[in-house]
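In case you want the letters, here they are:
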Amino acid sequence: MSDMTTQELLRAKELYLSGESLAEIGRQLGHDATTIKRNLISINVQIRTRKEQTILTNQKRRKSVNDNYFDNIGVNQAWLMGFLAADGYIGKQVNTIEISLSSKDKEILKKIKKEVEIERPIIDKTSNNGFDICKLEWTSKRHKDILATFGIVNNKTYLPLHLPSFFSDELKLAFILGFFDGDGSISKYNNYLRFRIVSHRNEILIDIATFLQNKYNCTYSLSQDNRGLWELSISTTYCVKIFKDMYNLNSLRLDRKYQKFLEYINHETTTSLITG
């Protein structure tokens, strides 16, 4: 015998067929999920698997985003691909894409949110270690599928990744800038400047080094530290030209690192005027 009224049972069936979970229906009707499930089975409603319900729940939560954003690759798309390759999270069984950064870099999340037309808000929170962070998340199967063709997938940190074979050097430089903004650093001291990227895998660093060496005839250092991390480093003589070309693309960029480069350039200009 049913422990739900006919009206409740009909409402439960309606909600379930619309995609609501057993737990959510229980919350709305004042019953536990087990009671909802048993009564739905009694009227021959087929119960979804946990995986099927997870997919439905994520689809219902989905906010709008420009699903066609990566269909045509320009410098902003290439930059974002590089940034996601370095600092993004791609869902394993769901179509979620996520970027979490220190709160001091929140401005770039605002730019990405506007660029990709992401409806979801940026979330501010404090990490378990006590750091203030911000997170931007969106859901798009199309984005996830396109990113996968470039090796930007779940658990990418420990998988081989390569520099995309874009048709132009500008797009490759934009990707490198995005990757640098995610996993790189810029060091400056007086007239010294260094371009540095760190990665768990060396394939992407070898590709970047080879491309930059062919384009700028530059020398570089590629080494592995005692933690197993690989580091690509290019020093002052060559990296100034590389930075100028990357920033002259006018793509998306992490402003904190760009400002550090400008500080170096302004220092050099001032020094030249004084010594000249």
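In this numbering scheme, every chain counts its residues from 1 along its sequence in written order. For a predicted model such as this one, the threshold for reporting local features is a pLDDT of at least 70, and the threshold for listing and counting side-chain atom pairs is 80 or more; totals across whole chains, interfaces and linings nevertheless cover every residue. Based on all heavy atoms of the structure, the side-chain values leave hydrogens and waters out of the count.

1. Thoughts on the sheet that holds strand β1 (residues 88-90)
Here is step 1 of the chain: Here, a strand pair is defined by DSSP locating no fewer than two bridges between the strands. Only DSSP runs of H or I reaching four residues or more are called helices, and only runs of E reaching two or more are called strands; each is numbered from the N terminus. Spatially, the four strands line up as an open sheet ordered β1-β2-β4-β3, and their pairing is antiparallel. Only two strands of the sheet have a single partner each, and these edge strands are β1 and β3 (123-126). Averaged over all neighbouring strand pairs, the angle between strand axes comes to 25°, with direction disregarded.
Here is step 2 of the chain: Here strand β2 (residues 96-102) runs beside strand β4 (residues 132-139); their pairing, made up of seven bridges, is antiparallel. Opposite I99, over in β4, you have L136 as the bridge partner.
Here is step 3 of the chain: Residue contacts are counted whenever heavy atoms from the two residues lie within 4.5 Å of one another. Geometry is summarised by axes, namely lines fitted to C-alpha atoms with helices restricted to the contacting stretch, and by angles between N-to-C directions that run from 0 to 180 degrees. Each of β1, β2 and β4 touches helix α5 (residues 75-87); the most contacted strand, β2, lies at about 75° to it.
Here is step 4 of the chain: Those strands touched by helix α6 (residues 106-116) are β2, β3 and β4, and its axis lies near 15° from that of β4.

2. Section: the pattern of salt bridges
Here is step 1 of the chain: Salt bridge, as used here: a side-chain nitrogen of Lys or Arg that lies within 4 Å of a carboxyl oxygen of Asp or Glu. Counting across every chain of the model gives 16 salt bridges.
Here is step 2 of the chain: Salt-bridge contacts for K106 lead to D124; the nearest nitrogen and oxygen are separated by 2.8 Å. Note that K106 is positioned in helix α6 and D124 in strand β3, a separation of 18 residues in sequence.
Here is step 3 of the chain: One continuous salt-bridge network, built from bridges that share partners, spans R120, K135 and E137.

3. Some points on the packing of α5 against α6
Here is step 1 of the chain: Packing of α5 against α6 leaves a shortest axis separation of 12 Å and a crossing angle of 130°. The angle between α5 and α6 places the two elements in the oblique class. In this structure, α5 meets α6 at a crossing whose hand is left-handed. Facing N76, W79, L80 and F83 of α5, the residues of α6 in contact are I108, I112, E115 and V116.
Here is step 2 of the chain: Classification used: nonpolar for Ala, Val, Leu, Ile, Met, Phe, Trp, Tyr, Cys and Pro, charged for Asp, Glu, Lys and Arg, polar for all others including Gly. Class assignment of the residues belonging to the contact of α5 with α6 gives a composition of six nonpolar, one polar and one charged. Oblique is the label for any angle not under 35 degrees, not over 145, and not in the 65 to 115 range, which are roughly parallel, roughly antiparallel and roughly perpendicular in turn. Here a crossing is taken to be left-handed if its near helix is turned anticlockwise relative to the far helix by less than a right angle, and right-handed if that turn runs clockwise.

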